[in-house]
Each structure stands twice: as structure tokens, then as C-alpha cells.
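Here are the chains, one letter per residue:
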Amino acid sequence: MKPLSEQIKNKPILGWVLFFVTVIVVFVLGILASSIMERRVEATYAYTPVVKYSQFEPRNEEWGKNFPRQFQSYMKTKDTAFRSMYNGNAMIDMLEVDPKLVVLWAGYGFSKDYNQGRGHAYAIKDIQNTLRTGAPSEGKPSPMPNTCWTCKSPDVPRVMNRNIEEKGDKTLGIAEFYKGTWETKGAEIVNHIGCGDCHDAENMNLKITRPALIEAFERQGKDINEASHQEMRSLVCAQCHVEYYFNKKKPVEGVPYLTLPWDNGFSVEAMEKYYDDIEFKDWTHKLSKAPMLKAQHPGYEVYMTGVHAKRGVSCADCHMPYKNEGGQKFSDHHMQSPLNNVANSCQVCHREETESLVQDVYERQTRIIENRDKLEEVIVRAHVEAKFAWDKGANEEQMAAILMDIRHAQWRWDYAAASHGGSFHSPVEISRVIASGIIIAQEGRLKLARLLADLGHNEVIPYPNIATKAKAQDYIGLPVEQLKADKKVFLQEVVPAWLKQATEREKTYEEAMN
């Protein structure tokens, strides 16, 4: 083979080709080097603070000045356009969708109003709007305690910290926040869920800001500070997406102290035993008089029994997957259903087509909801039949075992229903829980049938006409129109005054930083 110089001499065009190829290669390499340097510069300045704020800064907009990408993605939680087969992030009146819920919760606030939760950006607005918090005014308190604010705002750790400093005692300071009725802190809690709920202002590390989770770990002999970063990507969610109750006996007598019932474990039976042992009830059912339990949202507990948790997948991996923007990799703070972001969530691990993955989720949900709906119907019948037994002259001794069956059956239904996504997070466990609930409910109805026979009744008890939300609420005697009228006045007159007070207070934050 001839030397390259001789080939070029014989064919000058070859030299020109090599020249232009070299120029192009150098040009491309230059662009690549420039891009790399640009990204390095962006990385250098990406986390350079623009403003300074305190550890307990509640205003998300202030954090957003230093972390604009995360903040901008987080504010997409205002988007309510996505609807999946069963839920999504749109406002859905669940009592209208399933009127049986009204009867299941007769005598409890959820029978008044229960909507599918929207994004975190609506946390404050939605708790102000719900009929469950009532329409407090001067001389007319809310039916709910201040504890109900706990998971709604980064104002919560701010106020708790202030109370702790004033009381000189951590437990007493926390209890001071929980104490009193809901409206007494209306002007204090105004910023929706955000940055300060999960992050340390000094270094942006994930941080647990709600004492109930820390206390639950301590009672189990665990130190939450030893959790790994990957575990923290679920635990910051577990500050709120868990089962809890208001303990009015301890640590401070008379204060509804937010407590996680994990001392015996996470399972539906373990928490049921915890509640039974302390004889706790959320309310007495209006029809059956059963001592009821209301599951809140045991999402973390159910997730921990599923395959994703066992394989080390965190909540954030699916609901806040990593994304790249401007050379920066960060968690997408648009917290949402993975079904609305399959490419960045599911398909990072699963190579199936989007349609196949989504259909798999829907199939699981549909099969489980079919049995869950049957359990609902059986429990409604049990409540109605129990009321009939009371009306026929049954006494407390005769009803005691029946009422416990109703309590335990509905606890299982609510554990499955309130876990929000449990039919996907842990379909085997949720199926087991629902099946055991059906068995318990039917056993209770058998006991009722025997009791009614003893009382001289051997005929079928009619199922009430609860085909719509309005009919169901009328059946349990709920004055809905009056509740709505009162709430309208509250929203027009009381809430604006709260916001005005908050605006004046937050001006002092800026003065303190200058």
C-alpha cells in the first residue's frame, strides 16, 4: 500500500477530503467541549443561594428562588387534568360516585364531604373548603382539632418550633400545637405543603419535620436518623401518608396528640389489636352504635408489604422520578400518579409498552375493587340490620360481639380503601384484607340473624334506597344544605381575615432577614 503522502500527490482531491474531515471533527469536538464546560458552569451555579431564609421558612416561593427547577416542577401539582380509570389528580366527589360511603360513615365527618385528593398545592384550600372542618365563627368552634392541620403546611413545624421554645419542653410545645379547635390556628397555617416539610434549609438534605413519625420509631427502639437516603425518600412521605389517631390520654391529658399505632406492627391486624387493647374508637356509628375506627391513609404501611418495597424501590422513585434539565439531574417534584409519567417511572425498570403496563395496573385495581364494593354492601347491611335489632329491643350484652364484628370488618374495608393505591402497591395483601373483612362482616350478620330470630323477627330487612349521595345523606338525617350555607359564609368572611393576618405576619419574616 502506497504511503498517504504519495496517494495525496497522485490524487489531490484526497487531501482536500482529509482536510475537511479534520476540520469537521475538530469543530464537533469543540462544540462538545464547550457544552461540557457550559454544563459544568451550570452545575457550579445551580445551587448558589440567591436569598437567605431561616430553617423554618414556610413560604415555598422563597425556597423556589434558590431552587427554581424543583419549585417549578412542584407547582405543576396544581394541574388537575389527569384522570385514571379510578382516580388521578382531579377533584372527584367520592360520595357521589359511591353513596354507600355515606352510610358507612354515618355520624362521622366523612359522611358530610369526601373528595378525591388533589395535588399538594391545594392542601390548605381543600381543608378550608371541606364541610368536615365546619364553619367556625365567633362563639362557634370547628368540630375538628388543630391536629388536623398537621400534614397540610410547612407553617406547622414553624409554629411547633416556636411553641417548643416558649414552653422550654419539646413534648409540651408539640402538644400546644395540637391543642384547641381547628379555627384557632387558621391565620397561622396558610402556606400549602412544600419545601420546608421535607428538606433541611441548611443543606437541603431530606428531613423529618413531623414528630409523630419520629416518636413511632422511638417506641419501636429505632433511630430514624440512621435511615439511609433511599429509605428517607419514602419516610418523608410517611410523615403524612400513614395511619394515625388522636391520643387524648397521653402524653398530655386532654390534648388530641397525633400518634401512629405501629407499636405492634404495620399490618391491619396489628393496628387493630393496638386500638382494641386501648379501647379506642374514632366515633360511635349513628345507626348501628358500633365503636368505629376510621382508617386515615395507610399508604406507607401497605406499600411496605409489597414487592416494590421489598426490592428497595422508594415512593420517590415512582412518584418523583429523576429528570434532566439544563444539564441538571434532579427529582421531579411534580408528585403524581406514575400512570401519568410511565416513561420516567415504570419504564426505567419495566421494558413493556406503556399500554401494557397501564392495563396491568387497571386489571389489578378492577379485580380488587369488585370485592371491596361487595364488602361495602355487606357492611352497610350489617349497620342497617343492627339498627333494626336495637329498635326491636336488643340490649348491649346481646349486641356486643356483633358490634365488634362490624368494627373489625369496616376497619379492614377502610384500611384497603384509604390506602390510596394499595391495590397496586400490594395487591396480594389488600386482597387478603378485603377477603377477611367479608368473612367477619358475614359472621356478624349471622349473629344478627340469630338475635333477630330470638326477638321474633325472621324476615329480610329491606336495604335502604341510597342510590345517590343526596338520598344516602337524607337517610342518615344529615342537614347538608345548612352545612353548605354555613360554609359559604365562613369562606367569604372568616378565611379572608385569616389571610390578611398572615400577610401582615409574613412581612416581618422579610424584615428579620434584612
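Right, let's walk through the structure included here. (Residues numbered from 1 in each chain as written. Predicted model: local features only at pLDDT ≥ 70, side-chain atom pairs only at ≥ 80, totals over all residues. Heavy atoms only, no water.)

### Concerning the state of the cysteines
With the rule as written, the count across this model stands at 1 disulfide. In this model, cysteine 151 is linked to cysteine 240 through a disulfide, with the two sulfur atoms separated by 2.5 Å. One quick way to see it: the torsion about the S-S bond of cysteine 151 and cysteine 240 is about -100°, and its sign makes the bridge left-handed. Pair noted here: cysteine 151 is in the loop between helix H7 (123–129) and helix H8 (155–167) and cysteine 240 is in the loop between helix H12 (229–238) and strand S1 (245–247), with a separation of 89 residues, a long-range link. For cysteine 195, which is in no disulfide, the shortest distance to another cysteine sulfur is to cysteine 198 and amounts to 8.9 Å. Among the cysteines around cysteine 198, which has no disulfide bond, cysteine 237 carries the closest sulfur, lying 6.8 Å off. Exposure remark for cysteine 198: the relative accessible area of 21% places this residue in the partly exposed category. (Disulfide = S-S within 2.5 Å. Helix = DSSP H or I, 4+ residues; strand = E, 2+ residues; numbered from the N terminus. Buried < 20%, exposed > 50% of the residue type's maximum accessible area, 1.4 Å probe, protein only.)

### Some remarks on the pattern of salt bridges
All told, the structure shown has 30 salt bridges when counted by the stated rule. The salt bridge partner of glutamate 376 is lysine 100, with a shortest N-O separation of 3.5 Å. Residue glutamate 376 is found in helix H17 (residues 354–391), and its partner lysine 100 is found in helix H6 (residues 100–104); the two are separated by 276 residues along the sequence. For lysine 100, a relative accessible area of 18% corresponds to the buried category. (Salt bridge = Lys/Arg side-chain N within 4 Å of Asp/Glu carboxyl O.)

### Some details on the packing of aromatic side chains
Under the counting rule described, the total for this entry stands at 26 aromatic pairs. Plain terms: the ring middles of tryptophan 182 and phenylalanine 490 are 6.0 Å apart, the flat faces sit at 45° to each other, and that makes the pair tilted. With tryptophan 182 in the loop between helix H9 (170–178) and helix H10 (195–198) and phenylalanine 490 in helix H22 (residues 480–513), this residue pair connects regions lying 308 residues apart in the sequence. Here tryptophan 182 and phenylalanine 490 have matching classes, each one buried. Counting every residue linked through ring pairs, the aromatic cluster contains Trp105, Tyr108, Phe110, Tyr114, Trp283 and Trp413. (Phe/Tyr/Trp six-rings, centres within 6.5 Å; stacked < 30°, edge-to-face > 60°.)

### Brief notes about the nonpolar core
In a soluble, globular protein the nonpolar side chains are often hidden away together inside. In terms of nonpolar packing, the biggest core is built from 101 residues, with Trp105, Leu213, Leu235, Leu260, Trp262 and Met399 touching the most fellow members. Element by element, the count of residues in this core is highest for H17, at 10 residues. Apart from residues lying up to four places away in sequence, tryptophan 262 is in contact with Leu213, Ala216, Phe217, Gln220, Val242, Glu243, Met271, Tyr300 and Glu301. If you look at the next biggest cluster of nonpolar residues, it comprises 7 residues, including Leu339, Val342, Val358 and Tyr362. (Core = buried A, V, L, I, M, F, W, Y, C linked by side-chain atoms within 4.5 Å. Contact = heavy atoms within 4.5 Å.)

### A few points about the packing of helix H18 (residues 396–417) against helix H20 (residues 427–454)
For the pair H18 and H20, the least separation of the axes is 8 Å and the interaxial angle reads 160°. Between H18 and H20, the interaxial angle falls into the category roughly antiparallel. In this structure, H18 crosses over H20, and the sense of that crossing is left-handed. Residue-level inspection shows Gln398, Met399, Ala401, Ile402, Asp405, His408, Ala409, Arg412, Tyr415 and Ala416 of H18 in contact with H20, the latter providing Ile430, Val433, Ile434, Ser436, Gly437, Ile440, Ala441, Glu443, Gly444, Lys447, Leu448 and Leu451. Residue composition of the contact of H18 with H20, by class: 13 nonpolar, 5 polar and 4 charged. (Axes fitted to C-alpha atoms, helices over the stretch in contact; angles between N-to-C directions. Parallel < 35°, antiparallel > 145°, perpendicular 65-115°, else oblique. Left-handed = near helix turned anticlockwise from the far one by under 90°. Nonpolar A, V, L, I, M, F, W, Y, C, P; charged D, E, K, R; others polar.)

### Remarks on H8
Given a rise of 1.5 Å per residue, 13 residues ought to cover 18 Å, and the 18 Å separating the end C-alpha atoms of H8 matches this to within 8%. Those residues of H8 that sit buried are Asp155, Val156, Pro157, Arg158, Val159, Met160 and Asn163. One or two residues past the end of H8 sits glycine 168, with phi positive at roughly 70°. (Expected span 1.5 Å × (residues − 1).)

### Observations regarding the packing of H8 against H9
Between H8 and H9, whose axes approach to 7 Å, the crossing angle comes to 130°. Considering the angle they form, H8 stands oblique to H9. Here H8 and H9 pass one another in a crossing that is right-handed. Only Lys170, Leu172, Gly173, Ile174, Glu176, Phe177 and Tyr178 of H9 make contact with H8, whose side of the interface consists of Val156, Val159, Met160, Asn163, Ile164 and Lys167. Of the residues that constitute the contact of H8 with H9, the class distribution is 8 nonpolar, 2 polar and 3 charged.

### Let's talk about the pairing of strand S5 (residues 322–325)
Both S5 and strand S6 (residues 328–331) contribute to a ladder of 4 bridges, which runs antiparallel. Counterpart to asparagine 324 in the pairing with S6 is lysine 329. Between the end of S5 and the start of S6, which pair antiparallel, lie 2 residues, with glycine 326 showing a positive phi angle near 60°. (Pairing = 2+ DSSP bridges.)

### Some details on the side chain of histidine 457
Of note, histidine 457 is situated in the loop between H20 and helix H21 (469–475). The contact partners of histidine 457, leaving out residues within four places of it in the chain, are Phe388, Lys392 and Leu452.

### Here's the deal with the environment of lysine 487
Looking at where lysine 487 falls in the secondary structure, it is placed in helix H22. Looking at lysine 487, the relative accessible area reads 4%, which means it is buried. When the C-alpha atoms of lysine 487 and glutamate 188 are compared, they prove to be 20 Å apart, with 299 residues separating the residues in sequence. Ignoring anything within four residues of it in the chain, the contact list for lysine 487 reads Gln128, Asn129, Thr130, Leu131, Thr133, Gly134 and Ala135.

### Here's the deal with unusual backbone geometry
Excluding glycine, residues mostly have negative phi values, and the peptide bonds linking residues are mostly trans. The omega torsion across lysine 250 and proline 251 is 5°, close enough to zero to call that bond cis. Following the sequence through the fold, proline 251 ends up in the loop between S1 and strand S2 (257–259). Non-glycine residue lysine 289 carries a positive phi angle of around 65°. Within the fold, lysine 289 resides in the loop between strand S3 (283–284) and strand S4 (291–292). Among the residues examined, lysine 289 registers a relative accessible area of 46% and is labelled partly exposed.

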